[in-house]
Amino acid sequence: MDYSKQIQDIAAKLFAEGKIDVFVGYRMNGFDDNQVPVVINDPKEVPALVFTEKSVFNLSNYLKADHTRNKRVGLVVKGCDSRSLNLLLTESQVKRDNLYIIGIACEGVVDEKGQKMQNCIECIVPDAVVYDEMLGSPRGKKDYIVNADIAGLAVKGLVERREYFEEIFDNCIRCNACRHSCPLCYCAKCCIDQETATIYNGSNTASSAFHALMTWSLHLAGRCVDCRNCEKACPSHLPRIFCINRTRR
Amino acid sequence: MEEVKDKIVSIEKPELIAPPEWKPVIVGILCNWCSYAGSDLTGTSRTQYPPNIRIIRVPCSSRVDPWFIIKALQTTADGVLISGCHPGDCHYISGNYYARRRFLVTKELLKMVGFHEHRVQFSWVSAAEGAKFAQVVKKVTEDVVKLGPLHLYKKENFSK
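Owing to the predicted nature of the structure, the values given are computational and were not obtained by experimental measurement.

1. Let's talk about the overall build of chain A
Each helix and strand counted, chain A has nine helices and five strands in total. Starting at the N terminus and walking to the C terminus, you meet the elements of chain A as α-β-β-β-α-β-α-β-α-α-α-α-α-α. Projecting the C-alpha coordinates of chain A onto the three principal axes gives extents of approximately 60 × 40 × 40 Å. In chain A, which comprises 249 residues, the share counted as buried stands at 35%. Counting contacts in chain A only where the partners sit at least 6 residues apart, residues at least 24 apart contribute 69% of the total.

As C-alpha cells, this is what we get:
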C-alpha cells in the first residue's frame, strides 16, 4: 500500500489549478521510518508527501485547527478517518465545498513495531465513505468482529472489571492527548482541560482521571467512529476504547 | 496561652473521638415540577422515609449532566437517585426523554467500570405520588446499605 506518487501528483495538480490553499498529508518524520502529519501551504513542499502503511494518524483532526479553518483544503483519508470526517460534516463543523478529499481503500496500517493495528484487524469499513477521488480498489464491507477483550470484559464479574479499570485510571497521567487527538472533540473550550482543574480535582490521581475520562467518554457516547486516534496518541498506551465502545449503541 | 493551645490540641485529637457509625449518603436529584413536588407531598402528608437522602432541586431531569452523578460518586455519595416526571408528562414537553437516553448510557458505563447497578438509580415520580416517593427512597437506601460504603475512586483516597 504505497500511494505516495499518486498523492504527490494530485496535490501538485490541485495547487496548479488553484483549487486548494493548503494540503494535509503525511511526511517522513526525519529520523526513522515513521511518519508525521504535515500541513502544506507551498507547492514546493509537495514532494515531501508520502502515504504507506505507516500513515497511522487521523488527518481529519487537523480540520479544526486555525491553519485550515475557512480555507480550501486537500486531505488524505483512510476508511476510519473518512468516518470521522463524515461526522464532522454531519455536525456542520466543516464545509464539504471547501474540501478536496482523497479517499484510500485502506488495507490496514501498522504500528511502530510493524504489527498490524488491532482496529485494522477489526475494521468493518476499510474504504473511504466520503471522497472526491479514490485510490486503490474498494474492498467492500466486512462482517463485524466483536473485540475479544471487550466481550471477555463484559462477562467478567464486577470485581475484575473494577481492577482492570482502576489500573487504567491509575496509569493515566492526565495529559489530555486523547482529547486533543480526537477528531470529534472540536469544542474550543473543553470541560476536561486543565484550565478547569479545580472542578476536576486538578492533580493526576486515579480519582480525577476517572472523573475526566468518564465525562469525556460520555461526551463521545454514540458518536465514536472507532478510529482509535486516542489510543495512538496515548503516551501510557492505555486501551481507552473500552470505555467508549460500551457506550456505542 | 500554652494552656489554651493544649486544650485545643486535646479537643482535635482524633483518637479521643469514637469513629462514627457508617450511615449511607444518598444524593437525590429531583425535577422541580414532579418529583420535588412529590417529595414535598411526602413531607406534608407526614409519610416516613429514611433521612439519608440529600435532595437537590433541578428545573428538569434533563438538566442532570452525567458529570453530576460522577462528581457525587467521586466525593461523598454512596448512592445517587435521580427522579423526574413520568414519560409524556414533562413540563418542558420532551426533557425527560433526553434524560432517559442519557441515563441509560451513563448507567451502562458506570456498570462497566465497576459500580454496582444499584448505586445509581432512576425513577419517575409525579407530584401526586407522595407515597411512591417514600417507597423509592426506602428501596434505594436498603440497596445501598446492602452494598456498604463506596470506596471506589473516592477523592479522599487519593489526597496528595
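2. Observations concerning the sheet that holds strand S3 (residues 73-77) of chain A
Residues and elements named next belong to chain A. Taken in spatial order, the five strands line up as S2-S1-S3-S4-S5 in an open sheet, and their pairing is mixed. Each of the sheet's edge strands pairs with one partner strand only, and the pair in question is strand S2 (35-40) and strand S5 (133-135). Here the average twist between neighbouring strands, direction ignored, is 25°. Direction of pairing for strand S1 (residues 22-28) relative to S3: parallel, over a ladder of three bridges. Bridge pairing in S3 places valine 24 opposite leucine 75.

3. Digging into unusual backbone geometry
Residue and element names in this part refer to chain A. A positive phi is found at asparagine 176, a non-glycine position, where the angle reads about 65°. Here asparagine 176 lies in the loop between helix H5 (158-171) and helix H6 (177-181). One non-glycine residue, aspartate 226, lies in the positive phi region at around 65°. A tally of 17 C-beta atoms within 10 Å means that aspartate 226 is categorised as partly exposed.

Reading the values: rules and limits
- Residues numbered from 1 in each chain as written.
- Chains lettered and ligands numbered in written order.
- Predicted model: local features only at pLDDT ≥ 70, side-chain atom pairs only at ≥ 80, totals over all residues.
- Helix = DSSP H or I, 4+ residues; strand = E, 2+ residues; numbered from the N terminus.
- Buried ≥ 20, exposed ≤ 12 C-beta atoms within 10 Å, placed from the backbone.
- Contact = placed C-beta atoms within 7 Å.
- Pairing = 2+ DSSP bridges.
- Axes fitted to C-alpha atoms, helices over the stretch in contact; angles between N-to-C directions.

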